[in-house]
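One letter stands for each residue in the lines below.
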Protein chains: 2
Amino acid sequence: MKKIDETRLKNIVGEHNIKTDPSDLYIYGSDSSVHHAMPWAIVRPETTRQVQDIMRYANQDMIPVTARGGGSGMCGQTVPIQGGIILDMKRMNKILEINLKDVYCRVEPGVVDDDLNLALKPYGVFYPPTPASSRIATIGGEIANNASGVRSVKYGATRDAVLGMQVVLANGDLVHLGARTRVEASGYQLHKLMVGSEGTLGIVVEATLSFVPIPEFRCMGVANFDSLKDAGDAIGSIMAAGAVPSMLELVDSVAIKAVNKTMNLGLKEVAAALIFEADGMVQEAVDYEINKMKAICKQHNGQDIYASYDPKEREKIFMGRKKLFPALSKYDDNLASTALADDMAVPYSKMAEMAEKIHEIADRHHIVMTAYGHCGSGCMHTKILMDTRRKDQWDDAKQAITEVYDYVRSVNGTTSAEHGIGLSKAASFKLEKSDSLTLLASIKKAIDPHNILNPGKLSQAPENWVTATNLRYSVNS
Amino acid sequence: MKKIDETRLKNIVGEHNIKTDPSDLYIYGSDSSVHHAMPWAIVRPETTRQVQDIMRYANQDMIPVTARGGGSGMCGQTVPIQGGIILDMKRMNKILEINLKDVYCRVEPGVVDDDLNLALKPYGVFYPPTPASSRIATIGGEIANNASGVRSVKYGATRDAVLGMQVVLANGDLVHLGARTRVEASGYQLHKLMVGSEGTLGIVVEATLSFVPIPEFRCMGVANFDSLKDAGDAIGSIMAAGAVPSMLELVDSVAIKAVNKTMNLGLKEVAAALIFEADGMVQEAVDYEINKMKAICKQHNGQDIYASYDPKEREKIFMGRKKLFPALSKYDDNLASTALADDMAVPYSKMAEMAEKIHEIADRHHIVMTAYGHCGSGCMHTKILMDTRRKDQWDDAKQAITEVYDYVRSVNGTTSAEHGIGLSKAASFKLEKSDSLTLLASIKKAIDPHNILNPGKLSQAPENWVTATNLRYSVNS
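Residues numbered from 1 in each chain as written. Chains lettered and ligands numbered in written order. Predicted model: local features only at pLDDT ≥ 70, side-chain atom pairs only at ≥ 80, totals over all residues. Heavy atoms only, no water.

Participant: Which residues make up the sheet that holds strand E5 (residues 85-88) of chain B, and what are the values?
Facilitator: Strand pairing within a sheet occurs via backbone hydrogen bonds; the two strands may be parallel or antiparallel. Residues and elements named next belong to chain B. Reading across from one edge, E1-E3-E5-E4 is the order of the 4 strands in this open sheet, with mixed pairing throughout. Of all the strands in the sheet, the pair left with one neighbour each is strand E1 (18-19) and strand E4 (65-68). Summarising the sheet, strand E3 (residues 41-43) and E5 pair through 3 bridges and their orientation is parallel. Considered in E5, the bridge of Ala41 is made with Ile85. Relative to the sheet, helix H3 (residues 48-61) contacts E3, E4 and E5, its axis offset from that of E5 by approximately 170°. (Pairing = 2+ DSSP bridges. Helix = DSSP H or I, 4+ residues; strand = E, 2+ residues; numbered from the N terminus. Contact = heavy atoms within 4.5 Å. Axes fitted to C-alpha atoms, helices over the stretch in contact; angles between N-to-C directions.)

Here's what the structure looks like:
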């Protein structure tokens, strides 16, 4: 292990903004993934200048630097697999400007998504890419992962909302990318390149984001299905019909059972349910979208179809989806709900097949997998429930995931829908992007020649994610 | 001048697909800009394989290669300033797939925008980024320039519609970038990097594009203004109010006069007019948007405000805008309408000031400039009318443009709204992006180490665009 020059770092950020205590290092060694690796120091910059100085030092001494926001990454994006500095960006959490006339805001990277939306709300606008982890996810982390969420089907992902940014490069240089205007034609869209680069190309220190009006009307509906295939086909038909849902979510039988068991919601235990929403400034337009989606659900044998504008009813409909994460962890006392390589996107017409495939593969490998997600965006998530104490279950999970991703590639889907690549999805990512890995590596080398920015991730990650790091679980051998 | 190995090229594409006749070379030496430079050969590939073989040869012999679509670039993007091969992509013009279920189409780069939309129309969908030059502009050229147009205010620019692409790199390697799915989170959004790179990073040989439903209802309105400032302020207020126009265009007094003079439209010769449109599947929603925009125009002293769903009325309203280009060339027999550095984007709140600034600067430099454009996207175009025979008028134009762009930068606007950078806007681009030019150059070098892909453009372009190439005008000294 290289030695960190603590004195130099203290001179940059002050003693109170450095942590090297083993217990602190341990905590910062994991995110929301299954991975763990120890950093050498935690550094908490408060200004752009400090980030520049830290990078100049790290670049000179070739110390790995991994920027970290809320730690909600699910694929090990911020697990410091090669040690080095964890750059905790949460102290840079100022909302610098809310410009209603020019329809943008400027924020520091440590601003939490929900806090931004809280600040925007009095002005009748919102920042729409918001992922499910918005209570802790920071804008910087969302940019690094090109985050998206339930409303991205209508309003787009982070990449669509980022107009520009300031980035500190590996050598400490500060660059202004993108613009504060709605259009910008050419000259390399470097801010779009930074979005989704998982901290491997630069440290975002400021972002210019667009926002949109909060709609006057929201209507949410639900439909139950006796077969997963019918539900999947309904999703495909809704999107192919040009409907504009502001939300289109799938929950399967595993998810429904889990939620019923832990929340006592009394949901009908069907094979699958679709939750759909439309929003807008004019009720007739919202009605139009909702009626279209209801009709398509009916065509695909949907049952118990209903929809409501009432906030309480909407909350009730969405409750099953919202509480899915905690519920899954209580599905079976012997099975832990793990954040593994658990999301993907496939073309709409493959949604049904994908959902069925997940269950078939899970059964064959003696684990439980649930199919759910923001299917209106082509996005399908899974959760793997398994006995994490048993080594063979990790092998089962690994094999199941490999098969899921083999299928995804075979139908022109993608490894990375929302949760990023990090460590857990790197093997599949490398297969999917096999012909552009050299290009990717040449860009990385050009921008970060000493490979200090979040090294060992994406195409640099080890092939076997199970052995890539220490797992955050005690596994019996 | 280097020697082209004609035999080798003939072996790749066949004799009929090579042109070296001086008259052909002359024609391909210009686009829709003021620039001209002679290429060494025109090569017209018909397959991806041929493009790969051409690039392998060019990379080995370090021959510049400039891909060319419809030749509608307005900043000299395809003018081969360092000679070499013009790669005429128009023979690769197949629409490969229209996939209604998965809501994408796949096309070769030589497909003309209007032809794509003609093919999509029977299915009730359209490809929305469409620029004004859609009768000749190709999808490949639109990707290279991140083209956008009248409807981009609602539907986005090319960068928003491109899901994925196949690209031949400088060394002849074929890479698949992006995906066929709606979301794709991370791992470097290289397809977004290619969009707007003006042929300097690779040759697009196939693109996967999204499309959207053709709306059932379209309503277009118009408002006249006695001051340019009022019109500009109305634009800002419309966008700040969260309105969703499907079109929001400004035409100023110069434009109106020109159109009246040549088309006899009898438009009221006011200081400025706004043309606005809303569209959708539900008439009430369209009404809502139109009424909102009408009310805001009225608040800003708009007059003669009216709107119509009737296709004939809409055509009449839009006629003045549509015929602006040919009309401007007839504004004054002694003045030619030139495609110079003629577009920019500024934050909405600066629209009014920008429009007034254009007129003020033009007056001071004894030229005529018109302010118009897709202002709902923050985009403002100008046309410069000048006596192209007079050398001093070129100097006047250059000075005026410099001042316009100095202003644009001072209000956090951008040099490149829609028309790209190429040669004409390079000087301003370099000032605007001064802190990221090194980054840009390092990426270019990593991807195209021999600098053969459209060399001498963007940040590589000469400082003085007037002397950068032979002008396409006979100028008296």
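Participant: Talk me through the packing of helix H9 (residues 228-240) of chain A against helix H11 (residues 283-299) of chain A; I want residue IDs and the actual numbers.
Facilitator: Residues and elements named next belong to chain A. At their nearest, the axes of H9 and H11 sit 9 Å apart, and the two run at 140° to each other. Taken as axis vectors, H9 and H11 run oblique relative to one another. Both H9 and H11 take part in a crossing whose hand is right-handed. Contacts between H9 and H11 involve Ala234, Ser237 and Ile238 from the former and Met293, Ile296 and Cys297 from the latter. Residues belonging to the contact of H9 with H11 are distributed by class as follows: 5 nonpolar, 1 polar and no charged. (Parallel < 35°, antiparallel > 145°, perpendicular 65-115°, else oblique. Left-handed = near helix turned anticlockwise from the far one by under 90°. Nonpolar A, V, L, I, M, F, W, Y, C, P; charged D, E, K, R; others polar.)

Participant: Now, about the pattern of salt bridges: what can you tell me, with residues and values included?
Facilitator: With the rule as written, the count across this model stands at 44 salt bridges over all chains. A salt bridge links A:Glu249 to A:Arg321; the shortest N-O distance between them is 2.6 Å. With A:Glu249 in strand E14 (residues 247-252) and A:Arg321 in helix H12 (residues 311-322), this residue pair connects regions lying 72 residues apart in the sequence. Given the relative accessible area of 0%, A:Glu249 is considered buried. The salt bridge involving B:Asp392 is made with B:Arg390; its shortest N-O contact spans 2.8 Å. Of the residues examined, B:Asp392 reaches a relative accessible area of 37% and is grouped as partly exposed. A relative accessible area of 39% places B:Arg390 in the partly exposed class. Here the residues in one salt-bridge network are A:Glu97, A:Arg106 and A:Glu206, joined through shared partners. (Salt bridge = Lys/Arg side-chain N within 4 Å of Asp/Glu carboxyl O. Buried < 20%, exposed > 50% of the residue type's maximum accessible area, 1.4 Å probe, protein only.)

Participant: Quick one: what's the story with the packing of aromatic side chains, residue by residue and with numbers?
Facilitator: Under the counting rule described, the total for this entry stands at 10 aromatic pairs over all chains. When the ring of A:Phe126 is compared with that of A:Tyr155, the centres are 5.2 Å apart and the planes differ by 80°; the resulting orientation is edge-to-face. One end of the pair, A:Phe126, is in strand E8 (residues 125-126); the other, A:Tyr155, is in helix H6 (residues 152-155), with 29 residues separating them in the sequence. Classification of A:Phe126 as buried rests on a relative accessible area of 11%. Look at B:Phe325 and B:Tyr372: their rings are 6.4 Å apart centre to centre, the planes differ by 80°, and that puts the pair in the edge-to-face class. Taken together, the positions of B:Phe325 in helix H13 (residues 324-328) and B:Tyr372 in strand E19 (residues 368-373) put the pair 47 residues apart, joining distant regions of the chain. Put simply, the rings of A:Trp394, A:Trp465 and A:Tyr473 pair up and form one aromatic cluster. It is A:Arg218 that lies over the ring of A:Phe126; its NZ or CZ is 5.8 Å from the centre. Cation over ring: B:Lys383 sits above B:Phe325, and NZ or CZ is 4.3 Å from the ring centre. (Phe/Tyr/Trp six-rings, centres within 6.5 Å; stacked < 30°, edge-to-face > 60°. Lys NZ or Arg CZ within 6 Å of the ring centre and 35° of its normal.)

Participant: Please set out the sheet that holds strand E11 (residues 203-210) of chain B residue by residue, giving values where relevant.
Facilitator: Residues and elements named next belong to chain B. In space, the 5 strands of this open sheet follow the order E6-E7-E11-E9-E10, with antiparallel pairing throughout. Edge positions in the sheet fall to strand E6 (95-99) and strand E10 (174-178), since each has one partner strand and no second. On average, each strand axis in the sheet is inclined to that of its neighbour by 10°, with strand direction left out of account. Summarising the sheet, strand E7 (residues 104-107) and E11 pair through 4 bridges and their orientation is antiparallel. Counted as the bridge partner of Val107 is Ala207 from E11.

Participant: Please provide a residue-by-residue account of helix H10 (residues 253-263) of chain A, values included.
Facilitator: Residue and element names in this part refer to chain A. Within H10, the full set of buried residues consists of Ser253, Val254, Ala255, Ile256, Ala258, Val259 and Asn260. The inward-facing, buried residues of H10 abut E14, strand E15 (272-280), H12, helix H13 (324-328), helix H14 (351-364) and strand E19 (368-373). Backbone geometry just downstream of H10 places Asn264 in the positive-phi region, at approximately 55°.

Participant: So what's going on with the nonpolar core? Residues and values would help.
Facilitator: Core analysis: the largest hydrophobic core is formed by 184 residues, its most contacted members being A:Leu193, A:Leu250, A:Met380, B:Leu193, B:Leu250 and B:Met380. Beyond its immediate sequence surroundings of up to four residues, B:Leu193 is in contact with A:Tyr188, A:Gln189, A:Leu190, A:Leu193, A:Ile443, B:Leu201, B:Ile443 and B:Ile447. (Core = buried A, V, L, I, M, F, W, Y, C linked by side-chain atoms within 4.5 Å.)

Participant: Give a detailed account of the pairing of strand E9 (residues 162-168) of chain B, specifying residues and quantitative values.
Facilitator: Residue and element names in this part refer to chain B. A large share of E9 lies buried, amounting to 7 of its 7 residues. Direction of pairing for E9 relative to E10: antiparallel, over a ladder of 5 bridges. Bridge pairing links Met165 to Leu177 in E10. The hairpin turn running from E9 into E10, its antiparallel successor, is 5 residues long, and Gly172 in that turn takes a positive phi close to 90°.

Participant: Give a detailed account of the relation of the copies chain B and chain A, specifying residues and quantitative values.
Facilitator: Each copy superposes on the other: chain B lies on chain A with an RMSD of 0.0 Å after a rotation of 180° and an axial shift of 0.0 Å. Given the turn and translation reported, the copies of this chain are related as if by a two-fold rotation axis. (Least-squares fit on C-alpha atoms with pLDDT ≥ 70 in both.)

Participant: So what about the domain arrangement of chain A? Which residues, and what values?
Facilitator: Residues and elements named next belong to chain A. If you check the domain split of chain A, you get domain 1 (95-213) and domain 2 (216-420). Between the C-alpha centres of domain 1 and domain 2 there is a distance of 27 Å. On the side of domain 2, 18 residues touch domain 1, which itself brings 12 residues to the contact. Carbon and sulfur atoms make up 50% of the surface buried where domain 1 meets domain 2, a total of about 1200 Å² over both sides. Seen at the junction of domain 1 and domain 2, the total is 2 salt bridges. Ionic pairing is found between Lys154 and Asp279, a salt bridge with its closest N-O pair at 2.5 Å. At the surface where domain 1 touches domain 2, the tally comes to 6 residue pairs in polar contact (both at pLDDT 80 or more). Take the side of domain 1 that touches domain 2: its biggest share by element is 4 residues, from H6. Among the residues forming the side of domain 1 that touches domain 2, the class breakdown is 5 nonpolar, 4 polar and 3 charged. (Domains from an automatic or database assignment. Buried area = accessible area lost by both parts, 1.4 Å probe. Polar contact = N/O pair within 3.5 Å; in protein donor to acceptor, adjacent residues only side chain to side chain.)

Participant: Outline the packing of H14(A) against helix H15 (residues 391-410) of chain A, supporting the account with residue identities and numerical values.
Facilitator: All names here are of chain A. For the pair H14 and H15, interaxial distance at closest approach is 9 Å and the crossing angle is 155°. One finds that H14 runs roughly antiparallel with respect to H15. The interaxial crossing formed by H14 with H15 has right-handed handedness. When H14 is examined against H15, the residues Glu353, Met354, Lys357, Ile361 and Arg364 are found in contact with a partner set consisting of Ala400, Glu403, Val404, Tyr407 and Val408. A class-by-class count of the residues in the contact of H14 with H15 yields 6 nonpolar, no polar and 4 charged.

Participant: Pulling in residues and values, what's your account of the side chain of B:Asn145?
Facilitator: Residue and element names in this part refer to chain B. Secondary-structure assignment places Asn145 in helix H5 (residues 139-145). Asn145 gets classed as buried once you look at its relative accessible area, which sits at 14%. Separated by 2.9 Å, the side chain of Asn145 and the backbone oxygen of Gly141 make a polar contact.

Participant: Residues and numbers for the interface of chain B and chain A, please.
Facilitator: Between chain B and chain A, the residue contacts involve 74 residues of the former and 74 residues of the latter. Taken over both partners, the interface formed by chain B and chain A buries close to 6100 Å², and the fraction arising from carbon and sulfur atoms is 61%. The three residues of chain B that bury the most area against chain A are B:Arg159, B:Val183 and B:Tyr188, which together make up 13% of that side's buried surface. Where chain B packs against chain A, one counts 0 salt bridges. Between the two partners, chain B and chain A, sit 15 residue pairs in polar contact (both at pLDDT 80 or more). For the side of chain B that touches chain A, the elements supplying multiple residues, two or more each, are helix H7 (158-161), E10, helix H8 (190-194), helix H9 (228-240), helix H11 (283-299), helix H16 (426-432) and helix H17 (437-447) of chain B. Here the element with the most residues in the side of chain B that touches chain A is H17(B); it accounts for 7 residues. Among the residues making up the side of chain B that touches chain A, the classes are represented as 35 nonpolar, 24 polar and 15 charged.

Participant: Explain the state of the cysteines to me, and be specific about the residues and the numbers.
Facilitator: Residues and elements named next belong to chain A. According to the stated counting rule, one finds 0 disulfides over all chains in the structure shown. Free cysteine: Cys75, not disulfide-bonded; nearest cysteine sulfur from Cys379 at 12 Å. Judged by its relative accessible area of 0%, Cys75 falls in the buried class. Cys379 forms no disulfide, and the closest cysteine sulfur to it belongs to Cys375, at a distance of 7.0 Å. (Disulfide = S-S within 2.5 Å.)

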